[in-house]
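Overview (structure and organization)
Spelled out from the first residue to the last, the chains are:
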Amino acid sequence: MNIICGLKLPSRNCVFFHLASLTKQGKCNKLYRSYAGYCRTQVSCTKDRCRRPDLSGNTRNCFLTGSPDSCRNFIGKRLRCLLNVPNTEVYKNAQCSSGRFCFQSSGPLGEKITSLQISSVGQLPHHFSAWNIHIIRSFHTSLSFQAAPVPLFWIIVKPAQKLFAIILGRSIRNWWKALPPNKRELFKESARKNKWKILLGVSSLGVLFVVFYFTHLEETPITGRARLLVFGKEHFRELSQMEYDMWMEEFKNKMLPETDARYQVVERVVGHLSESNKDIPQVSALKWVIHVVDEPDVNAFVLPHGQVFVFTGLLNAVSDIHQLSFILGHEIAHAVLEHAAEKASLVHFLDFLSLIFLTMIWAICPRDSLAVVGQWIQSKLQEFMFDRPYSRTLEAEADKVGLQFAAKACVDVRASTVFWQQMELAETIQGQPKLPEWLSTHPSHENRAEHLDRLIPEALKIRESCNCPSLSGPDPRLIFKLNMQHLLELSKGQETLNSTKRDLSQPKLDFPVTQKVEDMPVTFAVKPTN
């Protein structure tokens, strides 16, 4: 319902009657709350703003168009509710002229309506100036409630969904067991007779899932890959902020200050990568915030809204600034490609599908112990057949895009392969067990190095197209290969495994010396200016 109203209030407030909900629901308390709340409302006006004084400088007017039916409906059915509102300012000289309903403030607080006039004249009352007319299409004064972000909501209800599926399946099983044999046969006979209807219903459900999947496909930025995206970027804004606050609370006593040389190295590398790729809208749209955490883990990650966390363990593991640039480019690619929203969308879709199978498992299995085993098998199949392979796909995509980011920043992209080869060698020396790749959420170090090696020729072309200077010096991959051969030759002369480990632990090899990150020269090849 549209309303024409004039209000007399201080310059900083506009008070509106929520008459739309009043005429539809007939709730006097809504009108009282709407008026007593003194809600500030920002409105869109066609000729002037709501908060302009009239000719006398005292009264403020706001106008909304209406219909004669709405006017009569309000006067005939809702007047009693309006007059019974306690302790509110009510407005006199309400006029409904050719489909316009008007309120004007002309009395003190507590004064009730004394006259209601309906006019057939197609004009506004003479005491309203033309320049005071404002058309406001919609407003409300209800209290705003902040809803939880959609992904967080599904994270919370996920256990409840599984519990509901278990209870439903178990109830079906108990109900079937309690049926007499003759009724069971009747149900089986009925199922056989209506098998085509049942098949049609199941097929319709499957078609709905397929339609949902294909209607929520979007194109990945940069790579153009089709992907399922149920949750948009805006849904992850609050969730990302919550995750950021959690990490800040956990690492609050381990953050390096901005004056630390290691922090400045990371800040400069991230700044150089973002500046070199600012032609990509997803990169320029993010505001990068740097955090360096004093932790020995070889790790780094970037939250969806550009908060960068780098552990000092990673800074100690890289050999030069080129390796560090590639690793940070990889993490930036995760944020730019919105992998967090994509992974959450897939997990949500698969979890919803798994509820059907979970219900069937608990309905079919004769005992709870067998149902628990079946549920565990179903969860592991989902994890190893869908979740982890998809995660490895996202990691490979981030490697590819991160390598492109590094190439555009004139980084020596050949160093990316060497980093993963060094990581594989370090794990071998430390005696860490080598798990099969299908058990991991990330590709193995060996496969990542091979994948990057295949991408390097394309990255070098990108680097050349960006007018980067030619790479000088030997190929770091060749240097690493020669050092590995030297290592193998040394290991052949050892008699026992212990002596082999002891020699491997000695820094006698000609590997590239890993500099402290604060001593690394943070210099990049400069593009020549024409």
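These figures come from a predicted structure and were not determined experimentally. (Residues numbered from 1 in each chain as written. Predicted model: local features only at pLDDT ≥ 70, side-chain atom pairs only at ≥ 80, totals over all residues. Heavy atoms only, no water.)

As for the sheet that holds strand β8 (residues 289-293)
- Ordered by their spatial adjacency, 3 strands build an open sheet running β8-β10-β9, and the pairing between neighbours is mixed. Each edge of the open sheet carries a strand with a single partner, namely β8 and β9 (300-302). Each neighbouring strand pair of the sheet contributes to a mean axis angle of 10 degrees, computed without reference to strand direction.
- Packed on one face of the sheet, helix α8 (residues 261-276) meets β8 and β10 (307-311) and runs near 145 degrees to β8.
- Most of the contacts of helix α11 (residues 321-336) go to β9, to which it runs at about 30 degrees, and overall it touches β9 and β10. (Pairing = 2+ DSSP bridges. Helix = DSSP H or I, 4+ residues; strand = E, 2+ residues; numbered from the N terminus. Axes fitted to C-alpha atoms, helices over the stretch in contact; angles between N-to-C directions. Contact = heavy atoms within 4.5 Å.)

Digging into the confidence of the model for the protein
- With 63% of its residues at a pLDDT of 70 or more, the protein shows a mean pLDDT of 74.
- Contacts from residues 1-148, a stretch scored under 50 in pLDDT, to residues over four places away or in other chains number 240 contacts.
- For residues 503-513, every residue scores under 50 in pLDDT, and the model assigns this stretch 14 contacts once sequence neighbours within four places are set aside. (pLDDT = per-residue confidence, 0-100.)

Section: the pairing of β10
- Among the 5 residues in β10, 5 count as buried, and that is most of the element.
- The alternating pattern of β10 places Gln307, Phe309 and Phe311 on one face and Val308 and Val310 on the opposite face, and all of these are buried.
- Looking at chain direction, β8 and β10 are connected through 5 bridges and run parallel. Bridging across to β10, Val292 finds its partner in Val310.
- Relative to β10, β9 runs antiparallel, the two being bridged by 3 bridges. For Val302, the partnering residue across the bridge sits in β10 and is Val308. (Buried < 20%, exposed > 50% of the residue type's maximum accessible area, 1.4 Å probe, protein only.)

Regarding the state of the cysteines
- Following the criterion strictly, the structure yields 1 disulfide and no others.
- Disulfide pairing places Cys410 opposite Cys468 at an S-S distance of 1.9 Å. Linking Cys410 and Cys468, the disulfide has an S-S dihedral of approximately -80 degrees and is accordingly described as left-handed. Taken together, the residues Cys410 in the loop between α13 (368-408) and α14 (415-430) and Cys468 in the loop between α15 (445-465) and α16 (476-492) connect sequence positions 58 residues apart. Just as Cys410 is buried, Cys468 falls in that class too.
- With no disulfide of its own, Cys466 lies closest to Cys468 among cysteine sulfurs, the gap being 5.4 Å.
- Assessed through its relative accessible area of 17%, Cys466 is described here as buried. (Disulfide = S-S within 2.5 Å.)

Things to note about the environment of His445
- Checked against the element boundaries, His445 lands in helix α15.
- A C-alpha to C-alpha distance of 6.9 Å links His445 and Met423, two positions 22 residues apart in sequence.
- Filtering out sequence-adjacent residues up to four positions away, His445 remains in contact with Trp420, Met423, Glu424 and Glu427.

So, a nonpolar patch on the surface
- A cluster of nonpolar residues, Leu205, Leu208, Ile356, Phe357, Met360 and Ile364, forms a patch on the protein surface that exposes about 600 Å² of accessible area.
- Elements that contribute at least two residues to the nonpolar patch include exactly α6 (195-215) and α12 (339-364).
- Sort the elements by how many residues they give to the nonpolar patch and α12 lands first, with 4 residues.
- Position of Leu205 relative to the elements: it lies in helix α6.
- Judged by relative accessible area, Leu205 falls into the partly exposed class, the value being 40%. (Patch = residues over 30% accessible without salt bridge, like charges linked within 9 Å, V, L, I, M, F, W, Y side chains within 5 Å. Areas by Shrake-Rupley, 256 points an atom, 1.4 Å probe, with all protein chains shown as cover. Salt bridge = Lys/Arg side-chain N within 4 Å of Asp/Glu carboxyl O.)

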